[in-house]
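Inside the fold
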Amino acid sequence: MAIAIHRLVFAAVLFVTATSTTGCLQKCQQPELQSFRSVVDAQWRLVESTDPAVAGELDRFNFLIVTFGRNNSGTVHKVVDNDQYNDPVMTLQWVPEPSSKLLRIKYTLTEDGSDQGTFDYKYTLNGELNLREVGTGYLFRYIPFKGVVDPDSNCTF
């Protein structure tokens, strides 16, 4: 009987330890309390994607920053190993359709000017920006960019 109680207590301690170590990961950045009215109101950090070609490259220290300009142009900057590149890796031209919540974005590599394609996205905008590509259904979740994350932080977006 005493062995059974010890096993039960041991199992409970293991459960509490497991849930407390994974459940207590802090946010890398506090969520935005404000809702954004326009995509031009912030620089956007890509933190999650269902596109397998993109998702495998994303983590706390490797990501893209998208900036939408008021003149319907914009840039994509890259952060690799927590180093933010000064020059954009891509430029973009974007056309919004606010009534239908659609964005059409054309991407161009800055290195050689090659066209990377034009994509249509359904978007939602509140404290973060979510783009769902119409053709594939891939989701791209962005949060306002507040800077790179400290390398010794243990956090999640």
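Look up a bit, the structure's there.
I will try to describe carefully the structure that is included in this document. (Residues numbered from 1 in each chain as written. Predicted model: local features only at pLDDT ≥ 70, side-chain atom pairs only at ≥ 80, totals over all residues. Heavy atoms only, no water.)

**As for the overall build of the protein chain**
- On a plain count of helices and strands, the protein chain comes out with 2 helices and 11 strands.
- When the elements of the protein chain are put in sequence order from the N terminus, they spell out α-β-β-α-β-β-β-β-β-β-β-β-β.
- For the protein chain, restricting intrachain contacts to residue pairs at least 6 apart in sequence, the fraction spanning at least 24 positions comes to 41%.
- By element, 55% of the accessible surface of the protein chain is carried by carbon and sulfur atoms, the whole surface being about 10,000 Å². (Helix = DSSP H or I, 4+ residues; strand = E, 2+ residues; numbered from the N terminus. Contact = heavy atoms within 4.5 Å. Areas by Shrake-Rupley, 256 points an atom, 1.4 Å probe, with all protein chains shown as cover.)

**Observations regarding the pairing of strand S10 (residues 139-144)**
- Among the 6 residues in S10, 6 count as buried, and that is most of the element.
- Two elements, strand S2 (residues 43-49) and S10, share 5 bridges in a ladder whose sense is antiparallel. When the sheet's bridge partners are listed, Trp-44 is paired in S10 with Pro-144.
- Where strand S9 (residues 129-133) meets S10, 4 bridges bridge the pair, whose relative direction is antiparallel. Counterpart to Arg-132 in the pairing with S10 is Leu-139.
- In sequence, S9 turns back onto S10 through a hairpin of 5 residues, with Gly-137 there showing a positive phi of about 85°. (Buried < 20%, exposed > 50% of the residue type's maximum accessible area, 1.4 Å probe, protein only. Pairing = 2+ DSSP bridges.)

**Some points on the nonpolar core**
- Within the largest apolar cluster, 27 residues are counted, with the highest numbers of intra-cluster contacts made by Val-39, Trp-44, Phe-68, Ile-105, Leu-129 and Leu-131.
- Counting residues per element, the ones that place at least two in this core are S2, strand S3 (63-68), strand S4 (73-80), strand S6 (90-97), strand S7 (102-109), strand S8 (115-125), S9 and S10.
- Among the elements that make up this core, the one with the highest residue count is S3 (4 residues).
- Beyond its immediate chain neighbours, meaning those up to four positions away, Ile-105 contacts Phe-68, Leu-92, Gln-93, Trp-94, Gly-117, Thr-118, Phe-119, Tyr-121 and Leu-131. (Core = buried A, V, L, I, M, F, W, Y, C linked by side-chain atoms within 4.5 Å.)

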